[in-house]
Number of protein chains: 2
Amino acid sequence: MARRATAPVVNDLDARKASILEAVVSEHIDTAQPVGSSSVASSSDIVVSSATVRSEMVSLEREGYLAQPHTSAGRVPTDKGYRYFVDHLKSGVLGDVQQQQVSEFFANVRGEVEDVLEQTSMLLSQMTHYTSVVLGATLSHASILSSQLVNIDAHHQLLVTVFSDGSVTKHSLTPPFEVDYETCAEASRQLNALLIGTLLESVVQVPSRGDHVAALVRDAVAALHAQAPTVDGDKVFIGGSSRVADAFDGVETVRQVLSILEQELLVVSLVEDMLKRGLSVAIGAENGFEPLSTCAVIVAPVTIDGAPAGAVGLLGPTRMKYREAMAAAGAVSQHLARHFGGDEEHAEH
Amino acid sequence: MARRATAPVVNDLDARKASILEAVVSEHIDTAQPVGSSSVASSSDIVVSSATVRSEMVSLEREGYLAQPHTSAGRVPTDKGYRYFVDHLKSGVLGDVQQQQVSEFFANVRGEVEDVLEQTSMLLSQMTHYTSVVLGATLSHASILSSQLVNIDAHHQLLVTVFSDGSVTKHSLTPPFEVDYETCAEASRQLNALLIGTLLESVVQVPSRGDHVAALVRDAVAALHAQAPTVDGDKVFIGGSSRVADAFDGVETVRQVLSILEQELLVVSLVEDMLKRGLSVAIGAENGFEPLSTCAVIVAPVTIDGAPAGAVGLLGPTRMKYREAMAAAGAVSQHLARHFGGDEEHAEH
DNA sequence: GGCTGGCACTCGGTAGAATCGAGTGCTAAC
DNA sequence: GTTAGCACTCGATTCTACCGAGTGCCAGCC
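Residues numbered from 1 in each chain as written. Chains lettered and ligands numbered in written order. Predicted model: local features only at pLDDT ≥ 70, side-chain atom pairs only at ≥ 80, totals over all residues. Heavy atoms only, no water.

### Considerations on the nonpolar core
Residues and elements named next belong to chain B.
- The biggest cluster of nonpolar side chains holds 56 residues, and the ones touching the most others in it are Val40, Val312, Tyr322 and Leu336.
- Counting residues per element, this core draws most heavily on helix 12 (residues 322-344), which supplies 10 residues.
- Formed jointly, this core draws a minimum of three residues from each of two domains, domain 1 (15-87) and domain 2 (96-137 + 235-344).
- Excluding residues within four positions of it along the chain, Val312 makes contact with Leu124, Val133, Val134, Ile298, Val299, Ala300, Val302, Ala329, Val332, Ser333 and Leu336. (Core = buried A, V, L, I, M, F, W, Y, C linked by side-chain atoms within 4.5 Å. Buried < 20%, exposed > 50% of the residue type's maximum accessible area, 1.4 Å probe, protein only. Helix = DSSP H or I, 4+ residues; strand = E, 2+ residues; numbered from the N terminus. Domains from an automatic or database assignment. Contact = heavy atoms within 4.5 Å.)

### Re the protein's contact with DNA strand C
- Neighbouring DNA strand C are 19 residues; Arg16, Ser49, Thr52 and Ser72 of chain A together with Ser37 of chain B lie closest to it.
- Taken together, the sugar and phosphate atoms account for 77% of what DNA strand C places within 4 Å of the protein.
- Between DNA strand C and Arg54 of chain A, the relevant distance is 3.2 Å, taken from a base oxygen to a side-chain nitrogen or oxygen of the residue.
- One of the side-chain nitrogen or oxygen atoms of Thr71 of chain A is found 3.4 Å away from a phosphate oxygen of DNA strand C.
- Breaking the surface near DNA strand C down by element, the ones donating at least two residues are helix 3 (50-62) of chain A together with helix 3 (50-62) of chain B.
- Residue composition of the surface near DNA strand C, by class: 5 nonpolar, 10 polar and 4 charged. (Near = heavy atom within 4 Å. Polar contact = N/O pair within 3.5 Å; in protein donor to acceptor, adjacent residues only side chain to side chain. Nonpolar A, V, L, I, M, F, W, Y, C, P; charged D, E, K, R; others polar.)

### Topic: the interface of chain A and chain B
- Contacts between the two partners involve 36 residues from chain A, matched on the other side by 36 residues from chain B.
- Where chain A abuts chain B, roughly 3100 Å² becomes buried across the two surfaces, and 58% of that area is made up of carbon and sulfur atoms.
- When residues of chain A are sorted by the area they lose upon contact with chain B, Glu112, Lys170 and Glu262 of chain A head the list and together hold 19% of the total.
- Summed over the shared surface of chain A and chain B, the number is 4 salt bridges.
- Notably, a salt bridge pairs Arg255 of chain B with Asp246 of chain A, separated by 3.7 Å at the nearest N-O pair.
- Remark: the boundary between chain A and chain B carries 14 residue pairs in polar contact (both at pLDDT 80 or more).
- For the side of chain A that touches chain B, the secondary structure elements donating two or more residues are strand 4 (144-153), strand 5 (156-163), strand 6 (168-173), helix 9 (244-247), helix 10 (251-262) and helix 12 (322-344) of chain A.
- Residue contributions to the side of chain A that touches chain B peak at 7 residues, all from strand 4 of chain A.
- Partitioning the side of chain A that touches chain B into residue classes produces 12 nonpolar, 15 polar and 9 charged. (Buried area = accessible area lost by both parts, 1.4 Å probe. Salt bridge = Lys/Arg side-chain N within 4 Å of Asp/Glu carboxyl O.)

### A look at the protein's contact with DNA strand D
- Near DNA strand D you find 20 residues, and of these Ser37 of chain A together with Arg16, Ser49, Thr52 and Ser72 of chain B are the closest.
- The sugar-phosphate backbone supplies 74% of the atoms of DNA strand D found within 4 Å of the protein.
- Ser37 of chain A is positioned such that a nitrogen or oxygen atom in its side chain is 2.6 Å from a phosphate oxygen of DNA strand D.
- At a separation of 3.2 Å, a base oxygen of DNA strand D approaches a polar side-chain atom of Arg54 of chain B.
- Among the secondary structure elements, those contributing two or more residues to the surface near DNA strand D are helix 2 (37-41) and helix 3 of chain A together with helix 3 of chain B.
- Within the surface near DNA strand D, the residues separate by chemical class into 5 nonpolar, 11 polar and 4 charged.

### Overview of the sheet that holds strand 6 of chain A
All names here are of chain A.
- Strand order in the open sheet made by the 3 strands is 4-5-6, with antiparallel pairing throughout. Across the chains shown, the open sheet's two edge strands, defined by having one partner strand only, are strand 4 and strand 6. Averaged over all pairs of adjacent strands, the angle between strand axes in this sheet comes to 20 degrees, irrespective of strand direction.
- The sheet contact formed by strand 4 and strand 5 spans 8 bridges and is antiparallel. (Pairing = 2+ DSSP bridges. Axes fitted to C-alpha atoms, helices over the stretch in contact; angles between N-to-C directions.)

### Overview of the pattern of salt bridges
Residue and element names in this part refer to chain A.
- The final tally for this structure, using the stated rule, is 24 salt bridges over all chains.
- Measuring nitrogen to oxygen at the nearest pair gives 3.1 Å for the salt bridge that ties Arg218 to Asp219.
- Several salt bridges share partner residues, and in doing so they unite Arg83, Asp87 and Glu286 into one network.

This is how it looks when you write it as structure tokens:
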């Protein structure tokens, strides 16, 4: 976490510039307005005059940290400015009230994993006033605990598979022949024998031997097999999408952001990409999606026993309240890990 | 003013007024602007002069069908005006292209019910440019086909229940004692014996006899029981929520509508309320939600074999394109019914 | 040499006045 | 009952003046 490089860091500013930049960013985050030299100068930890601030600002602008909407206006941070700000943010702590709120939530929350994640997403969004994303773990490393074929009617069977992480999938089969109870039960038995204990990703196609039971088994395995790569599509929970309406101005921006959020797979890939790149905050263009260039995304991985088990994220405007939002995301991700991880360790206590 | 005092027909207008009203509504839907007398007069099926139109408009305004944003502006339809318009709409037919699009979609769509419904929702939204809602059937009348208790570990069991309509539910149990494979299997057997063939709504609590198997069975039944009333929460699919951003002007309205859409249970109750009241279109205040007073909602029930099996809906501004939207919702609901109903009848053909 | 107070300058935002024109209501004539 | 004509209304648009927040620059000061 302490990343404070010793090496000759390219983008390091002397202390005064840094605090001026910080003041500009802070104030702009609060007011959404361009920030002038005088209000910076009157800020608490700036001891120089506005004229000095001005000349430093010129330099900060030249270096790409600040921008001027037009001459004779104050300065606005660029993405690079936000980046510096975030990188040098001493990680904040959650306020007492919010701390309390999170603890209370996790003390009382009940229900299936999906319900918990969905409610967590709402909680996070409500705490921060930003749109939140909660990703459940992908189950590619879960093994199959049970695989049952249920006869709905002669032409419809349902393959219900339970995985060791508690997730359940279903697949309908519609064989071109009639299936009676016994055939189905036999296929179910064979499937169980075949699949229990294996990983989803190592399920292999089974050749059909020609009779109905074998055909059912083959179809069932094929269905499972086909699902494997897309398995995590169902564990995305987006909370507070209405927040985008007041986080951004300009209807067009709102539309674009909403439209991205609708494509859940896109959101998943964005978050996973960030995790992969070790980013906890993506500002503006950093997230790689053109329509999200005025957004900032915060992610916090959820880690249980050292293994990645999902993530929580927040999406807001680039001028979002990073400290609070990061603190909230961090706290929630930790509680989430404890909530599910703690459960697992039940046996150990 | 001698005002045509024949019969006090509450809600019927003479032919001329009707066509003027229709012209105003149509044009306002197209242009989103107040409509003036002259453009109405020049409309194809109005043969009188603008002066006459004006005097009729005064009368329509007095009767509550039209309103004036301010003196010296054109007229805008009131909710009552839209209502009249919709009630007297000769039901439109879908354009060829869209017809084609729907047929193609349903010819190619694959996967579980939920996937189909979700994609249907996207289709509908894409066709109409409005936000769409697709409700899956509630399964209160489905009976239990299978109920299996899977041992995840000593302290976690998962109750997986399959219903005759193909839906699957899961409930985790965390008993305060350790459960071994045999206990779990025995409980599973008992549950099957107890539950198969019964309706969810008629599942009754079971008293515990004290041993672990019985306790598991009791907990499992209790979990199922607790779920019963809220069971349909999972079958709501909202497509194209980004459309609200361009359907409404005013960020605040957008926010409110999005915020309603986030509460899926609310949306469900809205749609179900409309179905119950036999409404296919709710205009403005008719939908009963204050924040949706500038919205219109269209619903079309999905009926399979005479039984209600869900619904599709569209949400747009009160000045939405009713004819097209109703045609689309109708067509999609019918295709949906055929898609699932046709499947069911497989055996009969 | 770096900081500062002072100052001329810039330019977006706002307020007020003038204008435009779409649309109305009314009335007299057909 | 319908219509042409006309005076009138009032939001929208344009223009102008002006204010003031904020800048860049410079001369003087520590």
